[in-house]
Amino acid sequence: MSDHHLAGDHHSSPATTATTALGTLLLLPSELLHEILIRLALPELLRVRSVARPLSHLISSPDFRRFYHLSSVSSGPAPAAAWLLVFKKLPPRGAALRGFHGPSGRWFRIAVSDIISPAVPPGEDLYFLAASGSSFLFAANGRRELVVVDLSAQSARRLPPSPLGPRGTSSWRRFGLKLVADPPGSSQFRFLFAELVNNTPFLFEYQSDTDAWQSSEAVLANGPAAPAGPDGTYLCAAHAGPDCVMVYSGPGVERPVFFRPRFPHNPNAGGHGDRLHVYGDGSAVVVRSTVVDEPSRTRVKVVAGVDLYGLGPEVGGDWQLVSTVPGELIEGFRKPYAVMTGLLAEREGAIRLVLISNCRGAWDLVWLSYDRARGEWRWVPVPDWGGAKGLNMAGIAVSSTFSRLWPPAPTICR
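Reference entry: report on the structure contained in this document. All values derive from a computational prediction rather than experimental measurement.

### Some words on the overall build of the protein
What the protein contains, in helices and strands, is 8 helices and 25 strands. Burial analysis of the protein (414 residues in total) assigns 50% to the buried set. Considering only contacts within the protein whose residues lie at least 6 apart along the sequence, 56% involve residues at least 24 apart. Approximately 19100 Å² of the protein is accessible, and the part contributed by carbon and sulfur atoms is 52%.

Listed below in C-alpha cells is the structure:
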C-alpha cells in the first residue's frame, strides 16, 4: 500500500484548476460543508485547506476546529479515533514517520527530514520515542541526546541533557516515559520518565516552557491509601516479567511514590506457555502464547490469550483483572511470530494496545482498543504500507492528540 503525503501547504494541482473544480462545493451551505470536511483525515484536510482561500479560512476558523475536535472525540475510543505512528530507521535526509489513520484505512507519510536535519548531523542514528499533539520526540544515539520536532512550527531543537547525563537510545525504556502536550492543543509539552538510580526510583521531568529538568526521588507508598487523580501519571521504573516498580505522581500525593503491584491468580490463563508483559498509563497487558510444534521450521509462537489488568482507584494497590480479549477476536490476528513487543496507552477512557511482532524478517502490527465505559474490545486490521519486509523499525507510538495539529494558515501574498 502506497503512502499518502501529509503536506498542508502544498498541492500538486494548479490552484486555479482546483478552485474551479471546487466551485460547486463552495456553494453548499456551511453546515453541509462542515459535515463533509469532518469526515476527512487530518492530512487530507490540510491538503484541502491549501486549495482555495475560502476553504482555508473555513478550516482554520476556531468554530470549525472546535467542531472537528468534538467530532473526533464523539467517534468513540476505538482505534480509529487515534493515530498509529511508525518511524523507519533511515538517515535524516530520508527520515519519515508513517501514520496509520483508522477511518480511512490508509497510511500517511509524514516527512520530517527537512525539519530535523538542522538539529542533527548527517548520518545520525535516530529512534522515535513518543508523540503528543504537534511534538515528536526522538533520541539521537550518536550524540546521546534528545531532539524534539514541532510539526506545527516546522522546527526542531535539541533538549538539554537530563540529570542522568547523555543517554543512548538503548537507555530509554518505553514503559517508563511519557510525552504530554501541556496545555492540550499547544506546542508546549512535558516529558517525564522514571528510572532506578542506585536501586531507588526517581522521576525526571522536562518542561518546554522553562527548557529545564526537575528530578524527584520517589518514596514508598504504604499500601493503598490516597486516591489517584484523573490527571495523575503512572510510569514503570523497572520491570522483569510480572515484577515491576510503578511510580505515580499527581493529585493525591505531595511527591512521587512507588510501589510493586502483584498480579492475581487468573484461572483462565493456564499454567504453561510464554508470557509477554506490556505496561502503560496505569494498566498492564499479559499476552499468553503457545509454541507451534513444527520441527522443520524456525521456532515460532502464536497468541493464545490477552488479559488486561488495571490498578485500583487508590495508589499503591495490586493489579486487578479488567478484561480478556474474546477468543474470536484473537483468531482474526492469530499469526505465527518469533519475537514480539508491545505498546500500551490510555486516553479519554480508551486503552489502546499495539503488538509488534516479527517472523522471518516480516513485521506485523496488531492494534486493539478497549472501551472502559462499554467494556468492549475492538480490532482494526493494519495494512502493510509496502515496506514491512525487512523493515528496521525505529520506534512506534500511538497518539490521540495528533488530530489537534493545526499548522498556521498559509500566508497569501497580495
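### Some words on the side chain of S208
Following the sequence through the fold, S208 ends up in the loop between β11 (200-207) and β12 (212-217). The exposure class of S208 is buried, given its relative accessible area of 11%. Only 2.7 Å separates the side chain of S208 from the side chain of Q188, close enough to count as a polar contact. The residues contacting S208, other than those within four sequence positions of it, are R157, Q188 and F189.

### So, the packing of helix α3 (residues 30-37) against helix α5 (residues 53-60)
Remark: α3 packs on α5, axes separated minimally by 12 Å, with the N-to-C direction vectors making an angle of 75°. In terms of orientation, α3 lies roughly perpendicular with respect to α5. Side by side, α3 and α5 meet where L33, H34 and L37 of the first sit next to L55, L58 and I59 of the second. Tallied by class, the residues present in the contact of α3 with α5 amount to 5 nonpolar, 1 polar and no charged.

### A word on the layout of surface pockets
Counted as a void, the largest pocket has a volume near 1200 Å³. What lines the largest pocket is a set of 48 residues, and nearest its centre among them are K178, G232, D281, E346 and R347. Residue assignment for the lining of the largest pocket shows that the elements contributing at least two residues are β5 (126-132), β9 (177-181), β14 (233-240), β17 (274-280), β19 (300-311), β20 (319-324), β21 (339-347) and β25 (393-399).

### Digging into the pairing of strand β10 (residues 189-197)
Remark: a regular strand shows side chains that alternate across the two faces of the sheet. In terms of burial, β10 is largely enclosed, as 7 of its 9 residues are buried. Here 8 bridges tie β10 to β11, and the two strands are oriented antiparallel to one another. Counterpart to E195 in the pairing with β11 is F202. Counting the residues in the hairpin turn of β10 and β11 gives 2 residues, including N198, whose phi is positive at 55°.

### Describing the pairing of β9
Counting buried residues in β9 gives 4 out of 5 residues, a clear majority hidden from the surface. For β9 and β10, the ladder comprises 5 bridges, and the chain directions are antiparallel. When the bridges of β10 are listed, V180 appears paired with R190.

### Considerations on α3
Taken together, the buried positions of α3 are L33, H34 and L37. The arc that holds every buried residue of α3, seen down its axis, measures 105°, which confines them to one face.

### As for unusual backbone geometry
Despite not being glycine, D211 has its phi angle at roughly 55°, a positive value. Its identity is not glycine, yet D281 carries a phi of approximately 55°, on the positive side. Along the polypeptide, D281 turns up in the loop between β17 and β18 (283-292).

### Describing the pattern of salt bridges
Going through the model one piece at a time under the given rule, you end up with 15 salt bridges. In this structure, E145 and R158 form a salt bridge, with 3.3 Å as the shortest nitrogen-oxygen distance. Of this pair, E145 sits in strand β7 (residues 145-150) while R158 sits in strand β8 (residues 155-158), placing them 13 residues apart in sequence. We classify R158 as partly exposed; its relative accessible area is 39%. Here D182 and R190 are joined by a salt bridge, their closest N and O atoms 3.0 Å apart. Assessed through its relative accessible area of 36%, D182 is described here as partly exposed.

### Some thoughts on empty space enclosed by the protein
Counted by the stated rule, this structure contains 1 cavity of 30 Å³ or more. Reported here for the largest cavity is a volume of approximately 30 Å³. Among the elements that line the lining of the largest cavity, the one with the most residues is β10, at 3 residues. Class assignment of the residues belonging to the lining of the largest cavity gives a composition of 4 nonpolar, 2 polar and 3 charged.

### Here's the deal with the packing of aromatic side chains
In the structure shown here, the tally under the stated rule is 23 aromatic pairs. Arranged with centres 5.8 Å apart and planes meeting at 75°, the rings of F175 and Y279 form a pair that is edge-to-face. Of the two residues, F175 is situated in the loop between β8 and β9 and Y279 in strand β17; the sequence distance between them amounts to 104 residues. Each member of the pair, F175 as well as Y279, is classed as buried. Each ring, one from Y370 and one from W377, has its centre 5.0 Å from the other, and the planes form 45°; the classification is tilted. Both residues of the pair, Y370 and W377, belong to the buried class. Cluster of aromatic residues (ring-pair linked, three or more members): W172, F189, F191, F193, F202, F204, Y206 and W213. Between R167 and the ring centre of W172, over which it is positioned, the NZ or CZ distance is 4.4 Å.

Rules behind the numbers
- Residues numbered from 1 in each chain as written.
- Predicted model: local features only at pLDDT ≥ 70, side-chain atom pairs only at ≥ 80, totals over all residues.
- Heavy atoms only, no water.
- Helix = DSSP H or I, 4+ residues; strand = E, 2+ residues; numbered from the N terminus.
- Buried < 20%, exposed > 50% of the residue type's maximum accessible area, 1.4 Å probe, protein only.
- Contact = heavy atoms within 4.5 Å.
- Areas by Shrake-Rupley, 256 points an atom, 1.4 Å probe, with all protein chains shown as cover.
- Polar contact = N/O pair within 3.5 Å; in protein donor to acceptor, adjacent residues only side chain to side chain.
- Axes fitted to C-alpha atoms, helices over the stretch in contact; angles between N-to-C directions.
- Parallel < 35°, antiparallel > 145°, perpendicular 65-115°, else oblique.
- Nonpolar A, V, L, I, M, F, W, Y, C, P; charged D, E, K, R; others polar.
- 1 Å grid on protein atoms, 1.4 Å probe; cavity = no way out; pocket = protein on both sides within 12 Å on 5 of 7 lines; lining within 4 Å.
- Points joined across faces, edges and corners; volume = space filled by probe spheres on them.
- Pairing = 2+ DSSP bridges.
- Arc of directions from axis to C-beta.
- Salt bridge = Lys/Arg side-chain N within 4 Å of Asp/Glu carboxyl O.
- Phe/Tyr/Trp six-rings, centres within 6.5 Å; stacked < 30°, edge-to-face > 60°.
- Lys NZ or Arg CZ within 6 Å of the ring centre and 35° of its normal.

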